[in-house]
Each structure stands twice: as C-alpha cells, then as structure tokens.
Amino acid sequence: MADKYTILIGGGGHARSLVEVMPPDSFDAYVATSPSPEGMDIPYVGDDSKALSSLDPDTCAIHIAVGYSAGASLSLRRRIIETYKDFEPVSMIAPSAVVTASSTIGPGTAVMARAVVNRSSTGKHCVINTGAVIDHDCCLGSNVFVGPGAIICGEVQIGNDVFIGAGAVIRNGISIASGARIAMGATVTAPITSPGLYLGSPAKKMTE
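Below, the structure is looked at part by part. Predicted model only: the values in this text are computed from it and were never measured.

1. Considering the sheet that holds strand 3 (residues 44-46)
- Ordered by their spatial adjacency, five strands build an open sheet running 3-2-1-4-5, and the pairing between neighbours is parallel. Strands at the two margins of the open sheet, each flanked by one partner only, are strand 3 and strand 5 (88-89).
- Pairing analysis gives two bridges linking strand 2 (residues 29-31) to strand 3, with the strands arranged parallel. Counterpart to tyrosine 30 in the pairing with strand 3 is tyrosine 44.

2. Structural notes on the packing of aromatic side chains
- This model, assessed by the stated rule, comprises three aromatic pairs.
- Measuring from centroid to centroid gives 5.7 Å for tyrosine 84 and phenylalanine 87, while their planes differ by 55°, and the two rings are tilted. Grouping residues by exposure puts tyrosine 84 and phenylalanine 87 together as buried.
- Each ring, one from phenylalanine 145 and one from phenylalanine 163, has its centre 5.8 Å from the other, and the planes form 20°; the classification is stacked. Within this pair, whereas phenylalanine 145 is found in strand 13 (residues 145-146), its partner phenylalanine 163 is found in strand 16 (residues 163-164), the two being separated by 18 residues in sequence.
- Here phenylalanine 163 falls in the buried class, since its relative accessible area comes to 7%.

3. Structural notes on the sheet that holds strand 6 (residues 92-93)
- With mixed pairing, eight strands are arranged side by side in an open sheet as 6-8-10-13-16-19-21-22. Sheet topology places strand 6 and strand 22 (204-205) at the edges, where each strand pairs with a single neighbour.
- Relative to strand 8 (residues 110-111), strand 6 runs parallel, the two sharing two bridges. For isoleucine 93, the partnering residue across the bridge sits in strand 8 and is valine 111.

4. Let's talk about the layout of surface pockets
- Space inside the largest pocket adds up to approximately 160 Å³.
- Mapped by element, the contributors of at least two residues to the lining of the largest pocket are strand 4 (60-64) and helix 3 (75-83).
- Classifying every residue of the lining of the largest pocket by side-chain character gives six nonpolar, two polar and four charged.

5. Description of unusual backbone geometry
- In this model, serine 201 is joined to proline 202 through a cis peptide bond whose omega is 0°.
- Within the secondary structure, proline 202 is located in the loop between strand 21 (196-199) and strand 22.
- Despite not being glycine, arginine 114 shows a phi value in the positive range, around 65°.
- You can see arginine 114 is positioned in the loop between strand 8 and strand 9 (116-117).
- Judged by its relative accessible area of 55%, arginine 114 is exposed.
- Non-glycine residue histidine 125 carries a positive phi angle of around 55°.
- Within the secondary structure, histidine 125 sits in the loop between strand 9 and strand 10 (127-128).
- According to the relative accessible area criterion, histidine 125 is buried, its value standing at 8%.

6. Overview of the pattern of salt bridges
- Under the criterion given, the structure shown has four salt bridges.
- In this structure, the salt-bridge partner of arginine 78 is aspartate 161, at a minimum N-O distance of 2.9 Å. One end of the pair, arginine 78, is in helix 3; the other, aspartate 161, is in the loop between strand 15 (157-158) and strand 16, and 83 residues separate them in sequence.
- Assessed through its relative accessible area of 26%, aspartate 161 is described here as partly exposed.
- Bridged by salt links that share partners, the residues Arg78, Glu82 and Asp161 form one connected network.

Calculation rules
Residues numbered from 1 in each chain as written. Predicted model: local features only at pLDDT ≥ 70, side-chain atom pairs only at ≥ 80, totals over all residues. Heavy atoms only, no water. Pairing = 2+ DSSP bridges. Helix = DSSP H or I, 4+ residues; strand = E, 2+ residues; numbered from the N terminus. Phe/Tyr/Trp six-rings, centres within 6.5 Å; stacked < 30°, edge-to-face > 60°. Buried < 20%, exposed > 50% of the residue type's maximum accessible area, 1.4 Å probe, protein only. 1 Å grid on protein atoms, 1.4 Å probe; cavity = no way out; pocket = protein on both sides within 12 Å on 5 of 7 lines; lining within 4 Å. Points joined across faces, edges and corners; volume = space filled by probe spheres on them. Nonpolar A, V, L, I, M, F, W, Y, C, P; charged D, E, K, R; others polar. Salt bridge = Lys/Arg side-chain N within 4 Å of Asp/Glu carboxyl O.

By themselves, these figures tell us nothing about what the structure is for.
Listed below in structure tokens is the structure:
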C-alpha cells in the first residue's frame, strides 16, 4: 500500500477532525460527498461522481470519513462503503489513542484522539471517536460508530451498522444486534436483540 495515494472520503465535521488529529502525511487528497469542498488543507479531488470516474483502485486507497446522517442513521456510511468497495481501506489511529498489542483494528477503521481499545477487535470501517473506551474482549462488527466519551465495558458483542451515541455506557457481557442505535447518554444493561432506537437509563426501545 505504500505506493498508493490515500484519499479521504468526506468533507464534513468528522473528516475535518481526522485531518486535525492524524499525522500530516496521512492523506494525499479528499473527496467531498457533496459538490462543494469544505476547505480542508489537502487537495480536493471532486464529488463522488468525479472521484469514481477518475480514481483507480490499483493506485488509490481510501478512508471513509463520513459520520452519521439525520436520526443517527449509518445508512449513508453503508452506501459509501459499498460504493468504494473496490478500493483498499486504510485504518487511521491517532497518535494519542491507545490500542493494545492484542487488539485488532479492522481495515478502514478510525481510532480518534485519546480513545482506548483494550484487547478487543473491530470490523471494517468503524469509528472509535474521541475519548471512547472499548474495554477487554469486546468484538465490534463492521460500520460501528462509537461516539465521543462512550464506554463499552468488557466482553461486549456488537453487530454491524450499530450507532452508539456520545457518553453512552454499555454494561459488560452485553450483546447488541445489528442496526441498533443507542442514544447519547443511554445506559445499556440488558441485551439488545433487534434494530431500533434505544434511549434512557436503563435503555429502552423507542416506538418509531
């Protein structure tokens, strides 16, 4: 991968945060998911349509730096993951993050400033946001977004496309089904077996 350009996919808040906390040479250029660039200090390739017609998977690697859309949905991220599936995904770990030697970080995952991943694993294209803690023996699926300051205690199993809001706490030994959304500040004390929005302490499923 050393001979490939690394393209950041995204130009919003999460993308700007990545550029701030990663080493200066982490990205060669970026693609905005809308037609207007966001003024980051790296070259702008264009929007998705231009990027897909001009970028070559043999010479470019990518990192998807798009957060969640309205309603804390990860469907936009999932669509982008599928759109760029032919490109090699690159993981990004902030210098101030702590990832223990026995942990496994999946391709395309971002571990942001002061986050901790301890003897755990993530799937592809996850985000472990600023100051979040993934404690021992946890297993995260793909496209899991862990918000700033969230705490995932030991031996937690998390499915794919799960959103965990800022400051949420997941009790040890809990399993969370794919597609679940955990609201900001929620406390999960029992297994979550179906998709949906969960909020409160203890977290309960909201009727949508």
